[in-house]
Amino acid sequence: MTATSATTAHPASPTPPADALPRPARLADVKGWFFTADQHLFAWFLDRQQRRQERGDLVELGSYQGKSAIFLGGRQRAGDRFTVCDLFDAPAEDAANDREMRTSYATLTRRSFEANYLSFHEELPTVVQGLTSVIRDHVADASCRFVHVDASHLYEHVRGDIDAASAMLAPHGIVALDDYRSEHCPGVAAATWEAVLNGGLNPVCVSGNKFYGTWGDPEPVRAELAEWLTGNPALWHEEQSVAGHRLLRVRPHPGAAEPRHPAPRHPAAATRLRATRRPAPRPGGRPRRVVRRLAVDLLPPVVTRTLVAARRRGGRR
């Protein structure tokens, strides 16, 4: 999630040189917080819209280094416009935003986002660098089918982002709100549930990291989602009621496989990059993780507990 702040919107920068930055070999190599359950849910919502021929554009507010944007771009259809809005490495003006940027997103640059995105797609999305509050200057009202809000953690900004999503989405559109329950950003939780209780936002489902809702009728999409989830080998679910609103709670089964990802544009280079990242074998031919597993299996429990505790403190034995 990337803080928003006051700056102007800029046109997309030139394509970075092909060898200027390392090419991610797969989506998992792109830094960010976009987990298995949410990948499945993004795919399901977007594929459902495709099946139903629901028109509309895509928007992401806050992109960090592009992990979820790359995924969204893989499901962009001909004629769709995909707009990404992020502060990136532009300066923040207010103290709270500046502090959030320096502590959580010091490594974020627009150039790294663009290099990552272009490792999977031929063209960049429309990039708006600056305040997420300017997004409606670039995206028409009621023009979108999916908006991902993953920008500032600060209540005032999240509330504005949710209001912008409400305006940009068509009646059938879906909003995904990140960090709606994380302890380090209670402002997101406050803005999310305020929108439910007072702003007409209807919950569809929640994962461990994201809230999914619509300002349209939630019943058809929720019912189809529940049917798809029933017996799904990747995802577990249950239905809950919150303040009179029904919603589905979703989480991945242990070891669940991720859905289809965009393929890298340069598979040969990706293969070479993966090979250079493999850990060197330990003497005797056993990888480190195998040695650790054997130690856990064979050593007395008291010794195993000591080793685990030491490892958690940063020590390795």
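Residues numbered from 1 in each chain as written. Predicted model: local features only at pLDDT ≥ 70, side-chain atom pairs only at ≥ 80, totals over all residues. Heavy atoms only, no water.

### Comments concerning empty space enclosed by the protein
Then, number 1: Throughout the structure, instances matching the rule amount to two cavities of 30 Å³ or more.
Then, number 2: For the largest cavity, the calculated volume is near 90 Å³.
Then, number 3: Together, 15 residues line the largest cavity, and Gly32, Trp33, Ser63, Ser68 and Asp150 are the ones closest to its centre.
Then, number 4: Residues belonging to the lining of the largest cavity are distributed by class as follows: four nonpolar, seven polar and four charged. (1 Å grid on protein atoms, 1.4 Å probe; cavity = no way out; pocket = protein on both sides within 12 Å on 5 of 7 lines; lining within 4 Å. Points joined across faces, edges and corners; volume = space filled by probe spheres on them. Nonpolar A, V, L, I, M, F, W, Y, C, P; charged D, E, K, R; others polar.)

### Some points on the nonpolar core
Grouped burial of nonpolar side chains is what soluble globular proteins tend to show.
Then, number 1: Grouped together as the largest cluster of nonpolar side chains are 35 residues, with contacts concentrated most on Phe42, Phe45, Phe146, Cys205 and Leu225.
Then, number 2: No other element matches the seven residues that helix H1 (residues 36-51) contributes to this core.
Then, number 3: Once residues lying within four places of it in the same chain are set aside, the contact partners of Cys205 are Leu41, Phe45, Lys210, Phe211, Tyr212, Leu225, Leu248 and Val250. (Core = buried A, V, L, I, M, F, W, Y, C linked by side-chain atoms within 4.5 Å. Buried < 20%, exposed > 50% of the residue type's maximum accessible area, 1.4 Å probe, protein only. Helix = DSSP H or I, 4+ residues; strand = E, 2+ residues; numbered from the N terminus. Contact = heavy atoms within 4.5 Å.)

### Regarding the pairing of strand E1 (residues 57-61)
Then, number 1: Taking burial as the measure, the five residues of E1 include four buried ones, the bulk of the element.
Then, number 2: Alignment of E1 against strand E4 (residues 144-149), held across five bridges, turns out to be parallel. Counted as the bridge partner of Asp57 is Cys144 from E4.
Then, number 3: Handedness of the crossover joining E1 and strand E2 (residues 82-86) through helix H2 (residues 67-73) is recorded here as right-handed. (Pairing = 2+ DSSP bridges. Right-handed = clockwise from strand over helix to strand, strands pointing away.)

### Here we look at the sheet that holds strand E7 (residues 210-214)
Then, number 1: One open sheet holds the nine strands; their spatial order is E3-E2-E1-E4-E5-E7-E6-E9-E8, and the pairing between them is mixed. Whereas interior strands pair on both sides, the edge strands pair on one side only; in this sheet they are strand E3 (126-129) and strand E8 (235-242). Taken over all neighbouring pairs, the strand axes of this sheet differ in orientation by 20 degrees on average, direction set aside. (Axes fitted to C-alpha atoms, helices over the stretch in contact; angles between N-to-C directions.)

### Regarding the pairing of strand E5 (residues 169-178)
Then, number 1: When you tally the buried positions in E5, you get eight out of 10 residues, the bulk of the element.
Then, number 2: Pairing of E4 with E5 involves five bridges; the strand directions are parallel. Across the sheet, His148 pairs through a bridge with Ala176, a residue of E5.
Then, number 3: Taken together, E4, helix H5 (residues 155-168) and E5 form a β-α-β motif whose crossover is right-handed.
Then, number 4: Relative to E7, E5 runs antiparallel, the two being bridged by four bridges. Its bridge partner being in E7, Ala176 is matched across the sheet by Tyr212.

### Let's talk about the confidence of the model for the protein chain
Fine structural detail should not be taken from predicted coordinates in areas where pLDDT scores are low.
Then, number 1: Chain-level statistics for the protein chain give a pLDDT mean of 82 and a share of 71% at 70 or above.
Then, number 2: When the criterion is pLDDT under 50, residues 1-19 qualifies, and its contacts beyond four places in sequence or with other chains add up to 72 contacts. (pLDDT = per-residue confidence, 0-100.)

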